[in-house]
Amino acid sequence: MSKINGRQLCAMLLICDAFSMFCFTGGMSLVTAAGLAAGTFIQWAAVQPLLRRGGAVTKGEKLVFGAYFIYWGGVLFNLQWETSRDIYIPYESSGGIWGKLLISGLIALVCLYISSVGIKAVSRAALIAAAVGAGCLLIAGISAVRSPHWENLTLAESGRSFGEEVLRSAAMSGAVGGLAVLAPAAKGDSRRTAAVYFACKLVLVTGMVLTSVLVAGGIMSVTELPVVTAAQLSQPFPVQRIDSLFLMVFTVYAVFSIGIQAASAAYLIGEVWPSAEKYAGAASVVLMIAAGALLSKVQLYSSSNAAVIFAAVTAVPMLGAAADSAKARRVRGC
Amino acid sequence: MKGGLIRRLDDSIDFIKQKTGGSSDILINRFAAGGVHCVLLCCEGMVSASVITELVFEPITSIPAKKGPHELFHYIQEELLLSTDRPVIEDYDTLFRLLYSGFAVLLAEGMPSALGFGVQGYSSRSIQEPSGEGNVMGAHEGFSETIRTSMSQLRRRMKSPELVMDMMQKGEKSCTDLCICYMKDRVPAELLRRIRKSLDGIRLESVLTTGYIRPFVESRRFELFSSTGTTERPDVLCSKLIEGRVGILVDGVPFAIVIPRLFCENFQTLDDYSYKPYYATFIRWIKYAAFLIAVLLPAVYTAIVMHHPELLNSTLLMILVESERQAPLSIMTEALGVLLMYEVIREAGIRLPKPMGGSVSIVSGLIIGDAAVKSGLISTPLLTVTALAVMSGLCVPELNPPVTMLRFAFLAAGGALGLFGISLLACGVLVNICATEDYGFPYTAPLSPFAGSGMGDTAVRSSFRKMQDREFTVEEYHE
């Protein structure tokens, strides 16, 4: 893969994280912020073996991570499907299931195009999308903090313990798997890049949780999608609404999150089977849609989801390293 | 037709007549010089009659008697010096090429070669002000159709031995002269090698505009925006060459191709470097905004009015509702109709003879526009929005084709799916722009991949005091 740079890598991973946060369901509280922050530290520690190994090296590891991207892409498709209920999208609202299918189909179509141009082009676009999205989120954040309800910080209840929030953080961090493919492709020290990414992620998730709690903390018990609700409640102008600004950021981040998984999966498929490279993008998007349909009943915040992510980023490189050393021993023995 | 000329003069003339099909513009002048039978060939209209008479005929016909044709040619070459450009012609391919390029060709009885004299004198358009790249404070001269004149315009501005101009010919029938220009101390060697390789792949019969060449030096992938640029200003081309880019001049075309082209360059003009930096920066941001307005304004207007009226404040909403209530067509139909009508008028304005251009403006502006609004067919706000978008597009003329198509595409997306549709299409367009790359130079540099050093001439326009130490070359952006 041609080299991308650290900024682009961070932008791609942060877009995926931000989209997962948009689709965050259930209550939020200060415990959530602490849990997500602790979870981020744990993830940073967990990916160190993967980074030391230089990402997915062997054919087997590449296959595992290819499947992982398809799995995570399917989960993101589901998230988009579920969350778009609460966001006004013209036609979808009036079109019923067909409208929903059309919207998802259009997103899949754009993802198909994204996966066809290669990860390098996607990384460049992601940097611009992340910068624009960050600007929009900043506007939403400022309008939320302009009239803060500090009492919400104590009122908000997530109904989960610290440990459960850490688990939830792990379950929604599928983006870290991207380090397996993208970190080795990034210029410079990949461990330093990863450290910058996790620092940015820490600021992003805690910032989003605290903003959501400040705005929607009072109604957290009846809020299904706290980040979406916070965006709908925080309006900077008295006589007009900016919900549509959030709709645009949501759409762009949804497309890029899924597109990045598709492009990464396509890249790995092309690596393992070079003859299939031409169709890898289309195949990965189709497989993601199929995975999304199969996983429609799977809860994002389930421990099984967290287990899949952690197994991929920790166990796979360790097993790969063990297999390498066993092979080396065998060679020495001969 | 390689392998020397026919020695017998009559046979040689017969062969030339046969090859040219007895074309009327080939003039064959028989005479004797120094006691040797000679023929002077030239192409009518391509040579200067006065120059050929004064500098060729008069001296040649007064040559004293010589022992043979070899001595005659030696005498002409070494002692007469009839013109500065005097190639020796060894084959008929070269003979015809030079003949049709305005050279006079001297054949002599018994000689297997001929002498060419550069006495070109064809009429061509004089150097004039560029029509599409106007500026206020810079030079007012553009390239002309004659490649030699364009080359001299470059040389006048760059009196450096580092400036190299390599001539080549392309087009099996047209034999069009191309000139690759570059600064040999600045251009990346790999870029130059790959451009030459791309040009070697041209198998066209004719090369009549830069558009014939550009597809061969651009990526094969579908790109909305062109990764090569054109300029009709020698000063602009010089500035690009100094940055390590490659220019290609095409004979008969008053434009040069610049490789590689970056997206941000579409917003830079020579005037930016004449004004104070703060004003140049302001103008540059106006152009960025104009680009976005040109592409997105009709689409966003349609999307907001049709699907997201909550984005408007109540006063504005009432005004729009009132004006749209009286219009018989849907907003999207209205917008598409107005934009299509504009494109029709624009095309008519370009193709019509100039004296009729004024009539088109009057008919389109006063009669169609005014009548359409007064009759209630089109609402005034929509017409205002469309006019603003169209005017904004004119701020970045080089981007006009993609901007026009994107305006329609975004309008359809915004009308059908609101801001969701616009966002979705924006993702696709953004990825397409970011995938645009030529010879390893990303079109979106220095924005993405981000290069902070490049922001001095992108986000702002730094002063020359700062820029003079930078010694920027485009190789900085190579990936």
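Small disclaimer: the values here were computed from a predicted structure and weren't measured.

Colleague: Requested: an account of the overall build of chain A, with residues and values cited.
Modeller: When helices and strands are counted, chain A shows 14 helices and zero strands. When its helices and strands are written in sequence order, chain A yields α-α-α-α-α-α-α-α-α-α-α-α-α-α. For chain A, the C-alpha radius of gyration of 20 Å lies close to 20 Å, the compact-globule estimate for 334 residues. Reported as C-alpha extents along the three principal axes, the dimensions of chain A are approximately 75 × 40 × 35 Å. Buried positions account for 53% of the 334 residues belonging to chain A. Partitioning the contacts of chain A with sequence separation of at least 6, the portion at a separation of at least 24 is 86%.

Colleague: Report on the overall build of chain B, specifying residues and quantitative values.
Modeller: Secondary structure summary: chain B contains 15 helices and 12 strands in total. Relative to the 2.2 N^0.38 estimate, which gives 23 Å for 479 residues, the radius of gyration of chain B is 29 Å and therefore markedly larger than a compact globule would have. Dimensions along the principal axes, computed over C-alpha positions, put chain B at roughly 100 × 55 × 40 Å. Residue burial in chain B is summarised as follows: out of 479 residues, 37% are buried. For chain B, contacts bridging at least 24 residues in sequence account for 68% of all contacts bridging at least 6.

Colleague: So what's going on with the interface of chain A and chain B? Residues and values would help.
Modeller: Taken together, the contact pairs 31 residues of chain A with 27 residues of chain B. When residues of the side of chain A that touches chain B are traced back to their parent elements, those giving at least two are helix 1 (6-22), helix 5 (92-117), helix 6 (119-146) and helix 12 (243-272) of chain A. Tallying contributions element by element places helix 12 of chain A first for the side of chain A that touches chain B, with eight residues. Each residue belonging to the side of chain A that touches chain B can be placed in one class, and the counts come to 21 nonpolar, six polar and four charged.

Colleague: Could you give me a rundown of the sheet that holds strand 4 (residues 103-108) of chain B, with the residues and numbers involved?
Modeller: All names here are of chain B. Spatial ordering of the open sheet is given by 1-2-4-5-3, a layout of five strands whose pairing is antiparallel. The open sheet terminates on both sides in strands that have one partner only, identified here as strand 1 (26-33) and strand 3 (88-89). Along the sheet face, helix 2 (residues 49-61) touches strand 1, strand 2 (36-43), strand 4 and strand 5 (114-118) and points at about 30 degrees away from the line of strand 1.

Colleague: I'd like a description of unusual backbone geometry, backed by residues and values.
Modeller: Trans is the prevailing form of peptide bonds, just as negative phi is the prevailing case for residues other than glycine. Residue and element names in this part refer to chain B. Backbone torsion omega between Ile259 and Pro260 reads -10 degrees, so that peptide bond is classified as cis. One can find Pro260 in the loop between strand 10 (256-259) and helix 9 (277-307). Of note, the amide linkage connecting Ser448 to Pro449 takes the cis form, showing an omega dihedral of 5 degrees. Phi is positive for Tyr439, which is not a glycine, with a value near 55 degrees. One can find Tyr439 in the loop between strand 11 (437-438) and strand 12 (441-442).

Colleague: Could you give an account of the packing of helix 10 (residues 190-216) of chain A against helix 11 (residues 226-233) of chain A, with specific residues and numbers?
Modeller: All names here are of chain A. Between helix 10 and helix 11, the least distance of the axes is 9 Å, while the angle of their chain directions is 60 degrees. On the basis of their axis angle, the class for helix 10 and helix 11 is oblique. Classified by chirality, the crossing of helix 11 by helix 10 is left-handed. Contact with helix 10, carried on its side by Met208, Thr211, Ser212, Val215 and Ala216, involves Pro226, Val227, Thr229, Ala230 and Leu233 of helix 11 and no other residues of that element. Taken together, the residues that form the contact of helix 10 with helix 11 break down as seven nonpolar, three polar and no charged.

Colleague: Go over the domain arrangement of chain B with me, naming the residues and quoting the values.
Modeller: According to the domain assignment, chain B consists of domain 1 (9-118), domain 2 (147-261) and domain 3 (274-435). Computed from C-alpha coordinates alone, the two centres of domain 1 of chain B and domain 3 of chain B are separated by 62 Å.

Colleague: Lay out helix 2 (residues 30-46) of chain A in plain terms, naming residues and giving numbers.
Modeller: Residues and elements named next belong to chain A. Taking 1.5 Å per residue as the helical rise, helix 2 with its 17 residues ought to reach 24 Å, and the 24 Å between its terminal C-alpha atoms agrees with that figure. Every buried residue belonging to helix 2 is among Thr32, Ala33, Gly35, Leu36, Gly39, Thr40 and Gln43, and all of these are buried. All buried residues of helix 2 lie within an arc of 160 degrees about the axis, which places them on one face of the element. Buried-residue contacts for helix 2 involve helix 8 (162-171) and helix 10.

Colleague: Mind laying out the pairing of strand 5 of chain B, listing which residues take part and the relevant values?
Modeller: Residue and element names in this part refer to chain B. Where burial is concerned, most of strand 5 is hidden: four out of the five residues are buried. Here two bridges tie strand 3 to strand 5, and the two strands are oriented antiparallel to one another. Considered in strand 5, the bridge of Ile89 is made with Ala114. Bridge analysis of strand 4 against strand 5 gives four bridges, and the strand direction is antiparallel. Across the sheet, the residue bridging to Val105 is Gly116, located in strand 5. Hairpin connection, strand 4 to strand 5: the antiparallel pair is bridged by five residues, and Gly110 has positive phi, about 85 degrees.

Colleague: An account of the packing of helix 4 (residues 59-83) of chain A against helix 13 (residues 277-294) of chain A is needed here, citing residue identities and associated values.
Modeller: All names here are of chain A. For the pair helix 4 and helix 13, the least separation of the axes is 7 Å and the interaxial angle reads 60 degrees. If you check the angle between helix 4 and helix 13, you find them oblique. Handedness of the crossing formed by helix 4 with helix 13: right-handed. Each of Ile70, Tyr71, Gly73, Gly74, Phe77 and Asn78 in helix 4 lies in contact with helix 13, whose residues at this interface are Ser284, Leu287, Met288, Ile289, Ala291 and Gly292. Its residues placed into classes, the contact of helix 4 with helix 13 shows seven nonpolar, five polar and no charged.

Colleague: Before we move on, could you go through the pairing of strand 1 of chain B and cite the residues and values that matter?
Modeller: Residues and elements named next belong to chain B. Where strand 1 and strand 2 come together, eight bridges link them in antiparallel fashion. Residue pairing in the sheet places Asn29 in a bridge with Leu40 of strand 2. Adjacent in sequence and paired antiparallel, strand 1 and strand 2 are bridged by two residues, among which Gly34 carries a positive phi angle near 60 degrees.

Colleague: Can you tell me about the nonpolar core, naming the residues and giving the values?
Modeller: The tendency in soluble globular proteins is for nonpolar side chains to be buried as a group. Membership of the largest hydrophobic core comes to 193 residues, with the highest contact counts inside it found for Ile15, Ile107, Val122, Ala126, Tyr253 and Val255 of chain A together with Val431 of chain B. Structurally, this core is a two-domain feature, drawing no fewer than three residues from each of domain 2 (147-261) and domain 3 (274-435) of chain B. Dropping the residues within four chain positions of it, Val122 of chain A is found in contact with Ile114, Val117, Gly259, Ile260 and Ala263 of chain A together with Val431 of chain B. Residues Ile52, Leu95, Leu99 and Phe117 of chain B belong to the second largest nonpolar core, which totals 34 residues.

Colleague: Can you explain the sheet that holds strand 8 (residues 229-231) of chain B? Please cite residues and give values.
Modeller: Sheet strands associate in pairs through backbone hydrogen bonding, adopting either a parallel or an antiparallel arrangement. All names here are of chain B. The strand order 6-7-9-10-8 describes an open sheet built from five strands, whose pairing is antiparallel. For this open sheet the edge positions go to strand 6 (163-170) and strand 8, each flanked by a neighbour on one side alone. Strand-to-strand, the axes of this sheet are offset by a mean angle of 25 degrees, without reference to chain direction. Strand direction decides the pairing type here: strand 6 and strand 7 (residues 176-183), joined by eight bridges, are antiparallel. Within the sheet, the bridge partner assigned to Lys170 lies in strand 7 and is Thr176. Contacts between helix 7 (residues 210-217) and the sheet are confined to strand 8, strand 9 (246-250) and strand 10, with strand 10 contributing the most and set at about 15 degrees to the helix.

Colleague: A description of the confidence of the model for chain A should follow, citing residues and the corresponding values.
Modeller: The predicted coordinates should not be examined in detail at positions where pLDDT is low. Across chain A, pLDDT averages 85, with 96% of residues at or above 70. At the low end of the mean pLDDT range in chain A sits helix 7 (residues 152-155) of chain A, at 78; at the high end sits helix 1 of chain A, at 93.

Rules of the game
Residues numbered from 1 in each chain as written. Chains lettered and ligands numbered in written order. Predicted model: local features only at pLDDT ≥ 70, side-chain atom pairs only at ≥ 80, totals over all residues. Helix = DSSP H or I, 4+ residues; strand = E, 2+ residues; numbered from the N terminus. Rg over C-alpha atoms; globule rule 2.2 N^0.38 Å. Buried ≥ 20, exposed ≤ 12 C-beta atoms within 10 Å, placed from the backbone. Contact = placed C-beta atoms within 7 Å. Nonpolar A, V, L, I, M, F, W, Y, C, P; charged D, E, K, R; others polar. Pairing = 2+ DSSP bridges. Axes fitted to C-alpha atoms, helices over the stretch in contact; angles between N-to-C directions. Parallel < 35°, antiparallel > 145°, perpendicular 65-115°, else oblique. Left-handed = near helix turned anticlockwise from the far one by under 90°. Domains from an automatic or database assignment. Expected span 1.5 Å × (residues − 1). Arc of directions from axis to C-beta. Core = buried A, V, L, I, M, F, W, Y, C linked by C-beta atoms within 7 Å. pLDDT = per-residue confidence, 0-100.

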